[in-house]
Amino acid sequence: QGAATFTVAPVAGSAPTHLSRTIAGLVPGNMYEIQVRARGLPAPGEVCLKGVCTPLSLPSEYGLAASGTILYGSVPVWVNTSSPPDVNPPQLFKLFVGTLFQYTARALGVDAGQNITISATGLTDCGARLVDVEVGNPAAATLRFDPDLRDMDKTFFICFTATDSLGAFSAPRCLRLLVAAPAPKFVSPSPAQEFVATIGCPINVDFTAHDETTAIIPVEEASQRGYRLSVGFVLSSAISAYGTVTSFSLPEGSVFSGMDDVFTNPQTRRLTWTPIRGQEAFAYSFCVNVKDSLKVLNTASGELGGIFCVTMTVKRCSYCLRRGDSLHSVANEWGTNWLNLWAGNSHILNPSIPLSGTSVQLGPILITSVHDSLSGIAIRNGVSSEQILAWNPDLA
């Protein structure tokens, strides 16, 4: 629309003067170059030499020029039904190792005659790439990302930008991609739960673990996506007031169901234990762990140092009757009199044929004092030291 000249006399000490000009008649979709020239003239009484005016520092009369390029029209727009939403923080997608993730973004140009190209940033951070890039109006591009073990427990940001033929570009639209990592944990039994066992009576404890992953998804979905686990026995310990004996095998009389290195989600393995004579008065610790199917974790509970343990205390002076037992046979095995047993177990009605699974108290329990000795206790109770040690194997 031609040139326009403005004359301004700056006022000393005032802010810079701003001028505006309205340009009409622009055609949408065209690119325009705009040039602006500022020319400083000396005030009355000033002299300009070689472009420097005294006493004010102003441009010479030949002036200063600036130019810029203006696109008159519209930037590309996103197709909202198939592009990332304009939200902050960006929309979150939960990804899984070994599962291909694909997302297609689409954009179009409002002005006629424009070709749109979609690009993306953040691809090199995770090894993702754009495929099936369609340049045109509308335009499309598909993000393809196949996470591996190196990407686990990381969050990646991928941002799309649509650019038209004139270089005008849209506001970016972004995705957040969280790659899930295994996060197995035991759901039963409780670490604080204590179990009490009796010689001859079976006791069952179910160890159940599952993995919701760090993405916190339903267990069934995690299993379908390949996040599974295996519960395995680690070690056991026999604990008494006089020390602890640790073994990497199960105590006699115990069985751990299932097989090692079989991966499911969730998984339950049952410990069945029937304590035998010689294990009474001890507390037994049974410890297990969890391995995940991706082979990146071998743990059960971080707060327990990688293993999960439960404690079973075998009662002292107690016995669980089995099929074929009678008070006579039990008295002979434990070195006592069947009448004493019957007198101390009023819940047994028939001493000859007691019910299988019935708990029998074998004798009174003495709480010792600091001045007691084994021989002194034996003399006071009319038994031998050997008998006391046989009834209390933790003292041996």
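Residues numbered from 1 in each chain as written. Predicted model: local features only at pLDDT ≥ 70, side-chain atom pairs only at ≥ 80, totals over all residues. Heavy atoms only, no water.

1. Describing the sheet that holds strand 7 (residues 101–108)
Think of a sheet as strands paired side by side through backbone hydrogen bonds, with each pair either parallel or antiparallel. This is how the line gets drawn: Should DSSP find at least two bridges between two strands, the strands are taken to pair. Secondary structure is summarised from DSSP: a helix means a run of H or I of at least four residues, a strand means a run of E of at least two, and numbering begins at the N terminus for each.
Pairing in this open sheet of 4 strands is antiparallel, and the strands run 5-7-10-9 from one edge to the other. In this open sheet, the two strands that pair with only one neighbour each are strand 5 (77–78) and strand 9 (129–134). Bridge analysis of strand 5 against strand 7 gives 2 bridges, and the strand direction is antiparallel. Paired with W78 across the bridge in strand 7 is A107.

2. Some words on the side chain of D325
Note the cut-off: For the purposes of these results, a polar contact is taken to be a pair of N or O atoms within 3.5 Å, where, inside protein, one atom must be able to donate a hydrogen and its partner to accept one; residues adjacent in sequence count only when each atom of the pair is a side-chain atom. The contact criterion used is simple: two residues touch if any of their non-hydrogen atoms lie within 4.5 Å.
Considering the arrangement of structural elements, one finds D325 in the loop between strand 21 (308–320) and helix 3 (327–334). For D325, the side chain forms a polar contact with the side chain of Y319, separated by 2.8 Å. Reaching out from D325, the side chain makes a polar contact with the backbone nitrogen of R322 at a distance of 2.8 Å. Ignoring anything within four residues of it in the chain, the contact list for D325 reads Y319, C320, V330, S352 and P354.

3. Things to note about the state of the cysteines
What counts, and what does not: Working definition: a disulfide is two cysteine sulfur atoms within 2.5 Å of each other. Exposure categories follow from relative accessible area, calculated using a 1.4 Å probe and restricted to protein chains: below 20% of the type maximum is buried, above 50% is exposed, and the middle band is partly exposed.
One pass over the structure, following the stated rule, counts 3 disulfides. At a sulfur-sulfur separation of 1.6 Å, the disulfide partner of C201 is C320. Residues C201 and C320 are joined through a disulfide that is right-handed, its torsion about the S-S bond being 50 degrees. Within this pair, whereas C201 is found in the loop between strand 14 (194–199) and strand 15 (203–211), its partner C320 is found in strand 21, the two being separated by 119 residues in sequence. Each member of the pair, C201 as well as C320, is classed as buried.

4. As for helix 5 (residues 374–381)
Among the residues making up helix 5, those that are buried are G376, I377 and A378. Contacts from the buried residues of helix 5 go to helix 6 (385–391). One or two residues past the end of helix 5 sits G382, with phi positive at roughly 70 degrees.

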